[in-house]
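Secondary and tertiary structure notes
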Amino acid sequence: MARESAADGDGRTGLVRRAWSAVATPPNFGPFSDDAFDTAVHDDRPAAWLGIALGVLFTACFLTGVTSDLIQYPQAWFSWFPSPPWLFRVNQGIHVFAGLAAIPVLLAKLWVVYPHLFRWPPAKGPGHALERLGIAPLVGGALFLLITGVMNIAYWYPWGFAFLDAHYWAAWITIGALVMHIGAKAGIVSRVWESRRRGLPRATTAPAADGMLTRRGLLLASGVAAGTVLTVTIGETVPIMRRLAVLAPRAMDRGPQGFPVNKTAAGAGAADLAVDPSWRLTVTGAVARELSFSLDDLRARDLDEAVLTIACVEGWSVTKRWRGVRLADLVAEAGGSDAEVDVESLQPEGPYNVTRLSPAFVADPSTLLALEVEGEPLHLDHGFPVRLIAPNQPGVLQTKWVSRVVVL
Ligand code: HEM
Ligand SMILES: Nc1nc2c(c(=O)[nH]1)N[C@H]1C(S)=C(S)[C@@H](COP(=O)(O)O)O[C@H]1N2
Ligand SMILES: [Mo]
């Protein structure tokens, strides 16, 4: 090789070569020794299959997470739509439950590949060194996302920093590192894929010793673990699985009127205002005439009905039959036109005390200011006297304890 012949007869390079070969000689003890790890499981093949699974799950989380962000904090180039009404529920279900399923898969993957930490020499060259350094943001970011995601759906916020910002930026860093990693490992993955497709003999490294986990056993165990995680949680959003959701953070039938509450009226500081007899619903802003209704005025109207879902960003959802006044009717009666609308809550402060609706949601005939759920007046904690309920929206935008509609 060119490099070696150039070194001949050059004393200084000879020294470098001796130093290099000292580094390149693997230390032969503990985790560095040749037979430190069972080569059946700590092998490229399970690493590649688990990697493919993680690539799919993390990409699903990334796309659905960014979509959820865009819906809540709209950008000029993006507009969300009211139909089909179940789409946000599916988006959020994929986000939270693909993320939960990724936990055992990520742990299995880390277990398969951790012997590489003791690889000697640590890098074959600058390119390889860079690729290996990229593992730090990849693994760190992935663990951070899964941990903060779980903390969020468990309503546990022990840290001062904003969950969403940290989770959001970790998502971009992790996906960036993932794209680089996929580029670097594409060769291994396609070799593994190819050898499976062509039915090549698989036992090119040592088969598992008696009683040891096989590669197939490891992949099966990871799949079963991911399936178990889903089985005991996904009933939060998939009704037929509800009775199995023993580890779901939200008990779906607990709460007034048989469904959950994230923020109570007392917690929101809206309880007294909501039951005050002087409560009025007003329609104001860019209107020909302002409107004001007492609760009796609203009850005396012909109410409309819609079957709509509360799809909380934290993964749980319920579908209920609501009755109330169409938002589009109120805006039309006030002489407002095809405009954006702010629906404001009595809640004095907090990020969810006002919801801005784009014209498509205002015009949708199923967007209601609801007075009733399943034939009963709303419970105080579900937004009495009036709450917003619109199709295909994240739960955080279904504002409770509404008092004002502002046409923009
Ligand atoms: C156990 C796994 C995970 C859980 C339980 C989880 C949960 C959540 C929750 C509850 C939200 C708040 C929803 C919202 O307000 O929009 C969220 C937002 C988000 N998640 Fe995750 N997540 C997980 C994993 C991931 C992963 C792996 C990624 C990316 C690869 C990711 C990317 C995002 C993004 C981009 C957002 C939007 C943040 C924002 O609105 O600013 N999440 N996640
Ligand atoms: N004013 C107000 N409305 C709110 C909230 C809030 O904190 N304040 N929480 C929202 C969230 S996060 C969800 S998921 C739904 C839950 O509605 P529910 O309590 O009737 O189930 O209400 C939404 N409406
Ligand atoms: Mo929510």
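Placed above this text is the structure.
Residues numbered from 1 in each chain as written. Chains lettered and ligands numbered in written order. Predicted model: local features only at pLDDT ≥ 70, side-chain atom pairs only at ≥ 80, totals over all residues. Heavy atoms only, no water.

**Some remarks on the site of ligand 1**
Not every one of the 25 residues close to ligand 1 is listed here, only the nearest: Ser-68, Asp-69, Gln-72, His-95 and His-167. The side chain of Ser-68 places a nitrogen or oxygen atom 2.5 Å from an oxygen atom of ligand 1. Taking Gln-72, its side chain carries an N or O atom lying 2.7 Å from an oxygen atom of ligand 1. At the level of elements, helix H3 (44-72), helix H4 (87-113), helix H6 (135-153) and helix H7 (163-197) are the ones that each hand at least two residues to the shell around ligand 1. Per element, the largest residue contribution to the shell around ligand 1 is eight residues, and it comes from H3. Here the residues of the shell around ligand 1 are counted per class, giving 14 nonpolar, nine polar and two charged. (Near = heavy atom within 4 Å. Polar contact = N/O pair within 3.5 Å; in protein donor to acceptor, adjacent residues only side chain to side chain. Helix = DSSP H or I, 4+ residues; strand = E, 2+ residues; numbered from the N terminus. Nonpolar A, V, L, I, M, F, W, Y, C, P; charged D, E, K, R; others polar.)

**Some points on the pattern of salt bridges**
For the structure shown, the criterion picks out eleven salt bridges. Across the pair Arg-301 and Glu-333 runs a salt bridge, and its minimum N-O distance is 2.7 Å. With Arg-301 in the loop between helix H11 (295-299) and strand S3 (304-311) and Glu-333 in helix H12 (residues 327-333), this residue pair connects regions lying 32 residues apart in the sequence. Arg-301 gets classed as partly exposed once you look at its relative accessible area, which sits at 23%. For Glu-333, a relative accessible area of 32% gives the class partly exposed. The closest approach of N and O atoms between Arg-323 and Glu-372, which form a salt bridge, is 3.0 Å. (Salt bridge = Lys/Arg side-chain N within 4 Å of Asp/Glu carboxyl O. Buried < 20%, exposed > 50% of the residue type's maximum accessible area, 1.4 Å probe, protein only.)

**Side note on helix H8 (residues 215-231)**
An ideal rise of 1.5 Å per residue puts 24 Å on 17 residues; H8 measures up with 24 Å between its terminal C-alpha atoms. Of all the residues in H8, the buried ones are Arg-215, Leu-218, Ser-222 and Ala-226. Taken down its axis, H8 places every buried residue within 70 degrees of arc, on the same side. Exposed positions of H8 whose direction lies more than 90 degrees from the buried face are Arg-216 and Leu-220. Here the buried face of H8 lies against H3 and H4. (Expected span 1.5 Å × (residues − 1). Arc of directions from axis to C-beta. Contact = heavy atoms within 4.5 Å.)

**Some remarks on the site of ligand 2**
Every one of the 20 residues lining ligand 2 counts as a neighbour, but Pro-260, Gln-347, His-382, Arg-387 and Lys-400 are closest to it. One of the side-chain N or O atoms of His-382 is found 2.7 Å from an oxygen atom in ligand 2. Arg-387 is positioned such that a nitrogen or oxygen atom in its side chain is 2.5 Å from an oxygen atom of ligand 2. Its free accessible area being 540 Å², ligand 2 has 97% of it covered by the protein chains. Of the residues in the shell around ligand 2, the class split is nine nonpolar, seven polar and four charged. (Areas by Shrake-Rupley, 256 points an atom, 1.4 Å probe, with all protein chains shown as cover.)

**Re the coordination of the iron atom of ligand 1**
Bound to the iron atom of ligand 1 are the protein donor atoms His-95 (NE2) and His-167 (NE2), situated 2.0 Å from the metal. The coordination sphere of the iron atom of ligand 1 comprises six donor atoms, whose angles at the metal cover 83 to 179 degrees; the geometry is octahedral. Here the residue His-95 occupies a position in helix H4, and His-167 occupies one in helix H7, the gap between them amounting to 72 residues. His-167 shares its class with His-95; the two are buried. (Donors = N, O, S within 2.8 Å, 3.2 Å for Na, K, Ca; no water. Tetrahedral: all angles 85-135°; square planar, octahedral: opposite > 155°, others 65-115°.)

**Here's the deal with the packing of aromatic side chains**
Scanning the model with the defined rule gives 13 aromatic pairs in all. Ring pairing ties together the aromatic residues Phe-29, Phe-32, Phe-37, Tyr-114, Phe-118 and Trp-120, which thus form one cluster. (Phe/Tyr/Trp six-rings, centres within 6.5 Å; stacked < 30°, edge-to-face > 60°.)

**Remarks on a nonpolar patch on the surface**
On the surface, Trp-111, Tyr-114, Leu-117 and Leu-213 cluster together to form a nonpolar patch covering roughly 400 Å² of accessible area. Structurally, Leu-117 can be placed in the loop between H4 and helix H5 (126-133). (Patch = residues over 30% accessible without salt bridge, like charges linked within 9 Å, V, L, I, M, F, W, Y side chains within 5 Å.)

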